[in-house]
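Structure assessment
Next come the chains, spelled out residue by residue.
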Amino acid sequence: MAKEPASHLKGQRILLCVGGGIAAYKALELVRRLRDAGAGVQVAMTAGAQHFVTPLSFQALSGSPTRTTLWDSAAEASMGHIELARWTDRIVIAPATADLLAKAANGLADDLLTNTLLTARCHVVFAPAMHTEMWQHAATAANVATLRARGIAVLDPADGRLAGADTGRGGWTWYTGSAAWLYRAAVEGILGIRRQGNKLIVPPVLPKDWDGFSATLTIDGKAHVITVTTNAENG
């Protein structure tokens, strides 16, 4: 049975960026699980995300004020979006909407979240969530390809129930039973695994508590099983 190395997140400073989709409510549970794993968490929300979940909910779970705007005179007195980017070890965008993927791929910066992404020099992982038609659109596919070519982790969405009565591919890849989603995100994004063409580049030295951990990553529709062996390169 694959190990779940939650201890690797201990002491990590993670910025969770919440996009404006119905899957935003799942990010509340992600905050709890990240903190249970020992990570420090701050949350930034888009204006759209605040229509689905309140900033106060994230503040209660993260233990830190939720950042919601670039136009906060108190926070931006010290260039708060730059401070956020420098504070965090890892950025997780979940749910990542088609709009956020497009902005990130094209370097747009019109709010706190996108300004922070442009400033950040840490590992970034996107967890897309949208309707099937939006995920399959040529523009979204091109944006995802652009981000992956830069070494940014973009997880493939899951098949299943979407908003309303629709089903299909586009749901936020979520955990099943245990925190499988969290560990998959950690393997591909938080650990610094990056894509290079159709290959996965894995850091040659990994913490010992990841030894024996396995995860399945999907690249261009093809599943790749990675088993981590410490002090060895895997691919």
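Whatever comes next refers back to the structure up there.
Residues numbered from 1 in each chain as written. Predicted model: local features only at pLDDT ≥ 70, side-chain atom pairs only at ≥ 80, totals over all residues. Heavy atoms only, no water.

**Things to note about the overall build of the protein**
In terms of regular secondary structure, the protein is built from nine helices and eleven strands. In the protein, which comprises 235 residues, the share counted as buried stands at 50%. A sequence separation of at least 24 residues applies to 68% of the contacts in the protein between residues at least 6 apart. If you sum the accessible surface of the protein, you get close to 11,000 Å²; carbon and sulfur atoms cover 52% of it. (Helix = DSSP H or I, 4+ residues; strand = E, 2+ residues; numbered from the N terminus. Buried < 20%, exposed > 50% of the residue type's maximum accessible area, 1.4 Å probe, protein only. Contact = heavy atoms within 4.5 Å. Areas by Shrake-Rupley, 256 points an atom, 1.4 Å probe, with all protein chains shown as cover.)

**A look at the pattern of salt bridges**
Taken as a whole and judged by the stated rule, the model has four salt bridges. The partner of D110 in a salt bridge is K103, and the shortest N-O contact between them spans 3.2 Å. Judged by relative accessible area, D110 falls into the partly exposed class, the value being 48%. Within this structure, D99, K103 and D110 form a network of salt bridges that share partners. (Salt bridge = Lys/Arg side-chain N within 4 Å of Asp/Glu carboxyl O.)

**Here we look at the nonpolar core**
Among the nonpolar cores identified, the biggest contains 25 residues, and C17, I91, I93, L101, L117, F126 and L147 are the most heavily contacted of them. Residue assignment for this core shows that the elements contributing at least two residues are β1 (13-18), α4 (80-87), β3 (90-96), α5 (98-106), α6 (112-119), β4 (123-128) and α8 (138-149). The leading source of residues in this core is α5, at five residues. In terms of nonpolar packing, the next biggest core, distinct from the first, is built from 23 residues, L9, L16, V31 and A94 among them. (Core = buried A, V, L, I, M, F, W, Y, C linked by side-chain atoms within 4.5 Å.)

**Brief notes about the environment of I93**
Mapped onto the fold, I93 is located in strand β3. When its relative accessible area of 0% is taken as the criterion, I93 is described as buried. Considering only alpha carbons, one finds I93 and A27, 66 residues apart in sequence, at a separation of 9.5 Å. Ignoring sequence-local partners within four residues, the contact set of I93 consists of C17, L100, L117, V124, V125, F126 and A127.

**Brief notes about a nonpolar patch on the surface**
Taken together, the side chains of I22, Y25 and F52 define a hydrophobic patch exposed on the protein surface, amounting to about 330 Å² of accessible area. By secondary structure assignment, the location of I22 is in the loop between β1 and α1 (26-36). Take I22: its relative accessible area is 51%, and that puts it in the exposed class. (Patch = residues over 30% accessible without salt bridge, like charges linked within 9 Å, V, L, I, M, F, W, Y side chains within 5 Å.)

**Quick look at the pairing of β4**
Extensive coverage of β4 is indicated by the burial of five of its six residues. Relative to β4, β3 runs parallel, the two being bridged by five bridges. Opposite R90, over in β4, you have H123 as the bridge partner. Sheet topology places β4 next to strand β5 (residues 153-154); two bridges connect them, and they run parallel. When the sheet's bridge partners are listed, V125 is paired in β5 with A153. (Pairing = 2+ DSSP bridges.)

None of the figures reported here should be taken as evidence of function without further support.
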